[in-house]
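Summary of structural features
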Protein chains: 2
Amino acid sequence: MTAGCVVLGGGDEVSNSFASSLAASLSSPYCEVLRKVFPDGESYIRLPGEAVKASRVCVVKSLDYPQDKALVELLLTLDALREKSNAELVAVIPYMAYSRQDREFLENEAVSIRAVLRAIKSAGASELYTIEIHKEESLRHFGGRAYSVSPYEYMAGKLEIPEDSVVIAPDLGARGRAERLAKALGVDYDYLVKQRDRITGEVVFKPKELDVKGLNVIIVDDIISTGGTIAKASRILKAQGAKSIIVIVAHALLVDGAWDKIVDAGVSRVYATNTVKPRSGRPVIIDVAPVVAEYVSSS
Amino acid sequence: MTAGCVVLGGGDEVSNSFASSLAASLSSPYCEVLRKVFPDGESYIRLPGEAVKASRVCVVKSLDYPQDKALVELLLTLDALREKSNAELVAVIPYMAYSRQDREFLENEAVSIRAVLRAIKSAGASELYTIEIHKEESLRHFGGRAYSVSPYEYMAGKLEIPEDSVVIAPDLGARGRAERLAKALGVDYDYLVKQRDRITGEVVFKPKELDVKGLNVIIVDDIISTGGTIAKASRILKAQGAKSIIVIVAHALLVDGAWDKIVDAGVSRVYATNTVKPRSGRPVIIDVAPVVAEYVSSS
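A short tour of the structure in this document, coming up. Because the structure is predicted, anything quoted here is derived from the model rather than measured.

The pairing of strand β10 (residues 188-196) of chain A with strand β11 (residues 203-207) of chain A spans 5 bridges and is classified as antiparallel. Paired with V193 of chain A across the two strands is K206 of chain A, which belongs to β11 of chain A.

This part is about the interface of chain A and chain B. On the side of chain B, 48 residues touch chain A, which itself brings 48 residues to the contact. For the pair chain A and chain B, the two sides together bury roughly 3,900 Å², of which 50% comes from carbon and sulfur. Along the contact surface separating chain A from chain B lie 16 salt bridges. Linking R118 of chain B and D79 of chain A is a salt bridge whose minimum nitrogen-to-oxygen distance equals 2.7 Å. On inspection of chain A and its partner chain B, the count reaches 28 residue pairs in polar contact (both at pLDDT 80 or more). Mapped onto the side of chain A that touches chain B, the elements with two or more residues apiece are β4 (43-46), α2 (49-53), α3 (67-84) and α4 (112-122) of chain A.

Moving on, we get to unusual backbone geometry. Residue and element names in this part refer to chain A. Following Y65, the chain continues to P66 via a peptide bond in cis, the omega torsion being -5 degrees. On the secondary structure map, P66 appears in the loop between β5 (56-60) and α3. Not every positive phi belongs to a glycine, and S27 is a case in point at roughly 55 degrees. Residue placement: S27 occurs in the loop between α1 (13-26) and β2 (30-32). Given a relative accessible area of 70%, S27 falls into the exposed group. Backbone geometry at L254 places phi at a positive 45 degrees, although glycine is not the residue there. One can find L254 in the loop between β13 (244-252) and α8 (258-264). Here L254 falls in the buried class, since its relative accessible area comes to 0%.

We now examine the relation of the copies chain A and chain B. Least-squares fitting of chain A to chain B yields an RMSD of 0.0 Å, with the superposition described by an axial translation of 0.0 Å and a rotation of 180 degrees. When the rotation and shift are considered jointly, the pair of chain copies conforms to a two-fold rotation axis. Closest to the rotation axis within chain A is the C-alpha of D68 of chain A, separated from it by 2.7 Å. The residues that chain A uses at the interface reappear at the interface of chain B in 100% of cases, marking a shared surface.

Residues and elements named next belong to chain B. Most of strand β1 (residues 5-9) is tucked away: 5 of the 5 residues are buried. Here β1 shows no split at all, with C5, V7 and G9 on one side and V6 and L8 on the other all buried. In the sheet, β1 pairs with strand β5 (residues 56-60) via 5 bridges, with the strands oriented parallel. Among the inter-strand pairings, C5 is bridged to a residue of β5, identified as R56. In this sheet, strand β2 (residues 30-32) lies alongside β1 in parallel orientation, the contact comprising 3 bridges. What sits directly across from V7, in β2, is Y30. Handedness of the crossover is the feature at issue here: the chain leaves β1, passes through helix α1 (residues 13-26), returns alongside β2, and the resulting connection is right-handed.

Attention now moves to the sheet that holds strand β6 (residues 88-93) of chain A. All names here are of chain A. Pairing in this open sheet of 6 strands is parallel, and the strands run β2-β1-β5-β6-β7-β8 from one edge to the other. Both edges of this open sheet fall to β2 and β8 (145-149), since each of them pairs with a single strand only. Adjacent strand axes in the sheet meet at a mean angle of 20 degrees, parallel and antiparallel pairs treated alike. In this fold α1 packs onto β1 (5-9), β2, β5, β6 and β7 (127-131), with an angle of close to 160 degrees to the strand it touches most, β1. Strands in contact with α3 are β1, β5 and β6; relative to β5, the strand with the most contacts, it is inclined by about 170 degrees.

Thresholds applied
Residues numbered from 1 in each chain as written. Chains lettered and ligands numbered in written order. Predicted model: local features only at pLDDT ≥ 70, side-chain atom pairs only at ≥ 80, totals over all residues. Heavy atoms only, no water. Pairing = 2+ DSSP bridges. Helix = DSSP H or I, 4+ residues; strand = E, 2+ residues; numbered from the N terminus. Contact = heavy atoms within 4.5 Å. Buried area = accessible area lost by both parts, 1.4 Å probe. Salt bridge = Lys/Arg side-chain N within 4 Å of Asp/Glu carboxyl O. Polar contact = N/O pair within 3.5 Å; in protein donor to acceptor, adjacent residues only side chain to side chain. Buried < 20%, exposed > 50% of the residue type's maximum accessible area, 1.4 Å probe, protein only. Least-squares fit on C-alpha atoms with pLDDT ≥ 70 in both. Right-handed = clockwise from strand over helix to strand, strands pointing away. Axes fitted to C-alpha atoms, helices over the stretch in contact; angles between N-to-C directions.

Here it is in structure tokens:
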């Protein structure tokens, strides 16, 4: 880090808490924006003097729910910093909303993550860090230095995992996540695929190679939103004889009803990071700001 | 208008209705984006094929409550159009949120309207039309052709106004609005100022020149948000003998409780335009899309 770097909390609880931890890891000063919301719903942002005077500002703002308000507050903050200071502006976005709409699944759909990343760049950020974006290649839309930090290796050191565990991704898209976590834990991994049973001819979902019977299964994914994917995976693995199901995700949105849905499906514990405030349930939260600090400080 | 111009509704009720009326006034085709909101709160936008094929697209999106969601949906729409079409993109923003935070009232405040206008420009709009922005000079932040359309002259032709009427602005900032409306109605106008009573020495608010005793007063302003300004003006003018109070505004946000507040203060009727959906009360709504059409078609 250059001298004169400060870490600026974006004004909401999640962002300020993450920023404070990041500042401690970086041994940099912490400050936060003054944020309020007017009676008509418009946000208001005022910069602290420390941020205006710095030569480099890490603006920490999670695009947690309500995502659009968080994004607009980030744009207001970056724009104000660009006008008022000469600082290099680094956007630290613990949770990157809109990252699942990363292509036209149907013709003429907006590619939301492209619009969001471009807006953040246009508002003045020259560098961007996020945690476990849905697809890393989306970061090209930022048009500048942009990194997605994997939290799983760090999380592995903080988990209480039973013996005879195995890591399973709910689909091929999450296979790389399973691999990283499994290697850090020193256990096997696999992912669920649709298969035809060779005896009954029935189409079922199963781990591609592993037999989970009698094993403790760790399901890993980037995000739990409604819990549908995780609940389905949990039921499949339980039916195939898994002894217990633990879930590890980066972003536990857990929208209304999601917690009950996954608990009903047999999930006994969820570990998640501090990038969002879960909207239901009680996942175990692991502070991953120290991992982001390693990236920010080395670049 | 060039051939191949289409008017695109932004997907919400207010924007689609405004766009539909604008299209009719321009004799241009109307289409609308497909808009939905995912369970986690993220918006989704899909363009209609007509918009992608056009040579000029008027994207109509009011930044009505919830303002931040509306702005993000506008950015998604513009970004998608920029990628998918070669059209010239015209942003028609019936209500421009964040226009009152147009300078640093306190040091290091974000100048919200600057960030918002820059974001719209960066997303691909080359031209912008809005209705009665709080301060016209804010439009310079767009960095391109940008116009604020005055609705009062057009509204004047649609009002039922009693004899012996006079137009009063609640403060000096709204004086120009009072002048435009009064000229269109052929009546006198004035604005409220703080004055010291020459006899009692008491400090009071009064019209600068006019005596409103026995007259029907029309209070004009750009916006009613919480209703505080209008309620105060109404009480002052009633106390000075005004026979009745009618209010004319461009944007009737009327946040919760605002309607009761102004009715309690003596306001008997409110006229507003169709730029927003009022959040309380029953103002008389005048469709001003035809006024915008005159600007869009002549440029």
